[in-house]
Amino acid sequence: MAGRNVRNTRIASRAVRAAAAAACATLVLVACGSTKDSVSSGGGGTGKVGVILPLLTSPFWQSYNDYVPKMAKSEGVDALKTVNSNSDPSQQITDINNQLNQGVKGLVVAPLDSAAIAAGLDQAERKGVPVVAVDVAPEKGKVAMVVRANNVAYGEKACEYLGKQIPSGKVVQIMGDLASVNGRDRSEAFRTCVQKNYPKLKVLEIPAKWESDTAASKLDTLLNANPDIKGIYMQAGGVYLAPTLQTLKSKGMLKKAGQAGHITIVSNDGIPQEFDAIRKGEIDATVSQPADAYAKYGMYYIKAAMQGKTFKTGPTDHDSEIVKLPSGILEDQLPAPLVTKDNVDDPKLWGNTVK
């Protein structure tokens with residue numbers, strides 16, 4: 001997530017967190033279940049649905065944005081034009097309130113801040129409007145479902161790939177925003193996996209807050225002090241791929257796979273640009289985060305919630321599993337495959353279906 005002013009964002013985030021803390025003390029959790037076993041409790045499931053994006057500066061979110069109207073149509077959802085919160089958690093709460101004031105009957109939101117989003121969820125609950133969260137799980141608040149891949153698995157898959165390629169030495173993880181559960185899950189999973197399974201690797205960390213310019217400047221500084229880096233894990237190719245490759249190129253350190261001095265790079269997202277980089281040998285792998293399925297099942301679950309349907313934990317009919325998070329919220333964990341040169345041309349990967 002790129003391009004926001006760090007100081008202003010921290011101030012805004014603190015303000016939104018304070019608002020969330022002042023919201024109602026008890027939020028009733030949704031009862032949910034698998035797509036095969038859902039039971040309607042009435043309601044027509046009709047009405048406008050608001051769709052709120054976190055940002056549009058990443059190719060991943062641009063692709064998700066393109067998928068939304070297509071999936072809304074296929075799922076029979078009357079979705080309004082998407083709203084972009086532009087990487088601002090405070091603006092996202094305003095966007096939610098604006099959509100509620102327009103009379104939407106459902107909301108699909110990709111939260112920017114796992115804690116701060118509670119203020120917006122509380123407003124939706126007060127108006128009786130169901131919410132589906134996409135990509136990021138709220139820490140608290142009422143949502144009908146979280147549509148998200150297993151972000152712990154992202155970090156573990158990156159760790160396993162790098163660990164098998166690099167016997168020993170220094171590896172870098174360019175982290176996301178630790179105010180987001182995604183950033184925390186990926187960071188901790190990668191760190192823990194390396195410590196447990198590959199003790200000869202030394203992890204250096206760059207907290208980049210989903211910001212491309214921050215990633216570039218901090219990577220440049222780190223490489224100056226550690227020119228012997230052997231591997232990089234980028235937690236979001238959509239915002240980190242271009243600055244990482246440019247930084248390596250500017251230092252004469254961008255070597256293709258198979259060449260002496262090649263730095264093994266694993267990413268997350270599954271965007272076409274990552275696939276091209278894999279084909280060129282510039283990076284080695286990525287975990288394909290399902291932008292198409294995020295849009296499809298975001299629409300599926302909001303329609304179901306508007307109809308009064310509920311879900312339960314267990315396998316679904318679309319090769320995923322619904323789990324209960326520690327908060328009590330249910331999450332449909334969609335599959336996210338590792339992509340390497342061996343399967344990068346698979347036509348089933350969403351990154352091969354967009355330009």
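A few points on the structure. (Residues numbered from 1 in each chain as written. Predicted model: local features only at pLDDT ≥ 70, side-chain atom pairs only at ≥ 80, totals over all residues. Heavy atoms only, no water.)

Examining the sheet that holds strand β11 (residues 285-288)
No. 1: Pairing is mixed in the open sheet, where 6 strands are placed in the order β8-β7-β9-β10-β11-β15. Sheet topology places β8 (201-207) and β15 (338-339) at the edges, where each strand pairs with a single neighbour.
No. 2: Where strand β10 (residues 264-269) lies against β11, 4 bridges are found, and the strand directions are parallel. Among the inter-strand pairings, Val266 is bridged to a residue of β11, identified as Ala285.
No. 3: Set on the sheet, helix α7 (residues 212-225) makes contact with β7 (169-175), β8 and β9 (229-234); between it and β8 the angle comes to about 140°.
No. 4: In the packing of helix α8 (residues 237-250) onto the sheet, the strands contacted are β7, β9 and β10, and the crossing angle to β10 comes to about 155°. (Pairing = 2+ DSSP bridges. Helix = DSSP H or I, 4+ residues; strand = E, 2+ residues; numbered from the N terminus. Contact = heavy atoms within 4.5 Å. Axes fitted to C-alpha atoms, helices over the stretch in contact; angles between N-to-C directions.)

Here we look at the side chain of Asp135
No. 1: Its place among the elements puts Asp135 in the loop between β5 (131-134) and β6 (145-149).
No. 2: One buried charged side chain, Asp135, makes no salt bridge at all; its nearest oppositely charged neighbour is Arg186, positioned 4.4 Å away.
No. 3: Apart from residues lying up to four places away in sequence, Asp135 is in contact with Trp61, Val147, Arg148, Asn151, Asn182, Arg186, Gln289 and Tyr294. (Buried < 20%, exposed > 50% of the residue type's maximum accessible area, 1.4 Å probe, protein only. Lys, Arg positive; Asp, Glu negative; His and termini not counted. Salt bridge = Lys/Arg side-chain N within 4 Å of Asp/Glu carboxyl O.)

Notes on the state of the cysteines
No. 1: In the structure shown here, the tally under the stated rule is 1 disulfide.
No. 2: Each sulfur in the disulfide pair Cys159 and Cys193 lies 2.1 Å from the other. Residues Cys159 and Cys193 are joined through a disulfide that is left-handed, its torsion about the S-S bond being -75°. Taken as a pair, Cys159 in helix α5 (residues 151-165) and Cys193 in helix α6 (residues 181-197) lie far apart in primary sequence, 34 residues in all.
No. 3: The class for Cys159 is buried, based on a relative accessible area of 1%. (Disulfide = S-S within 2.5 Å.)

Examining the pairing of strand β1 (residues 48-53)
No. 1: Burial within β1 is extensive, with 5 of its 6 residues counted as buried.
No. 2: Examined bridge by bridge, β1 and strand β2 (residues 78-79) share 2 bridges and lie parallel to one another. Within the sheet, the bridge partner assigned to Val49 lies in β2 and is Ala79.
No. 3: Summarising the sheet, β1 and strand β4 (residues 106-109) pair through 4 bridges and their orientation is parallel.

Focus on the layout of surface pockets
No. 1: Estimates place the volume of the largest pocket at around 340 Å³.
No. 2: Forming the walls of the largest pocket are 17 residues, and the residues nearest its centre are Pro290, Asp292, Ala293, Pro335 and Lys348.
No. 3: Sort the elements by how many residues they give to the lining of the largest pocket and helix α10 (residues 291-306) lands first, with 4 residues. (1 Å grid on protein atoms, 1.4 Å probe; cavity = no way out; pocket = protein on both sides within 12 Å on 5 of 7 lines; lining within 4 Å. Points joined across faces, edges and corners; volume = space filled by probe spheres on them.)

Some words on the packing of aromatic side chains
Centre-to-centre distance and the angle between the planes together describe a pair of aromatic rings.
No. 1: Within the structure shown, the criterion is met by 10 aromatic pairs.
No. 2: An angle of 85° between the planes, with centres 5.2 Å apart, marks the rings of Trp61 and Tyr64 as edge-to-face. Placement of the pair is Trp61 and Tyr64 together in helix α2 (residues 59-75), with a separation of 3 residues, close to one helical turn. For the pair formed by Trp61 and Tyr64, the shared burial category is buried.
No. 3: One aromatic cluster is present, built from ring pairs that chain together Phe60, Trp61, Tyr64, Tyr67, Tyr294 and Trp350. (Phe/Tyr/Trp six-rings, centres within 6.5 Å; stacked < 30°, edge-to-face > 60°.)

Description of the nonpolar core
No. 1: Within the largest apolar cluster, 54 residues are counted, with the highest numbers of intra-cluster contacts made by Tyr64, Val108, Val147 and Tyr294.
No. 2: Top contributing element to this core by residue count: α10, with 11 residues.
No. 3: The contact partners of Val108, leaving out residues within four places of it in the chain, are Val49, Gly50, Val51, Ile52, Tyr64, Val132, Val134, Gly298, Met299 and Ile302.
No. 4: Core analysis: the second largest hydrophobic core is formed by 29 residues, Ile174, Ile229, Tyr240 and Leu248 among them. (Core = buried A, V, L, I, M, F, W, Y, C linked by side-chain atoms within 4.5 Å.)

A closer look at the pattern of salt bridges
No. 1: Counted according to the given criterion, the structure contains 13 salt bridges.
No. 2: The partner of Asp228 in a salt bridge is Lys170, with the nearest N and O atoms 3.4 Å apart. Here Asp228 is found in the loop between α7 and β9, whereas its partner Lys170 is found in strand β7, with 58 residues between them in sequence.
No. 3: Judged by its relative accessible area of 41%, Asp228 is partly exposed.
No. 4: Close ionic contact of Arg191 with Glu205 constitutes a salt bridge, the shortest N to O distance being 2.7 Å. Of this pair, Arg191 sits in helix α6 while Glu205 is found in strand β8, placing the two residues 14 residues apart along the sequence.
No. 5: Bridged by salt links that share partners, the residues Arg148, Asp185 and Glu331 form one connected network.

Note that all results are geometric; they support no functional claim without further evidence.
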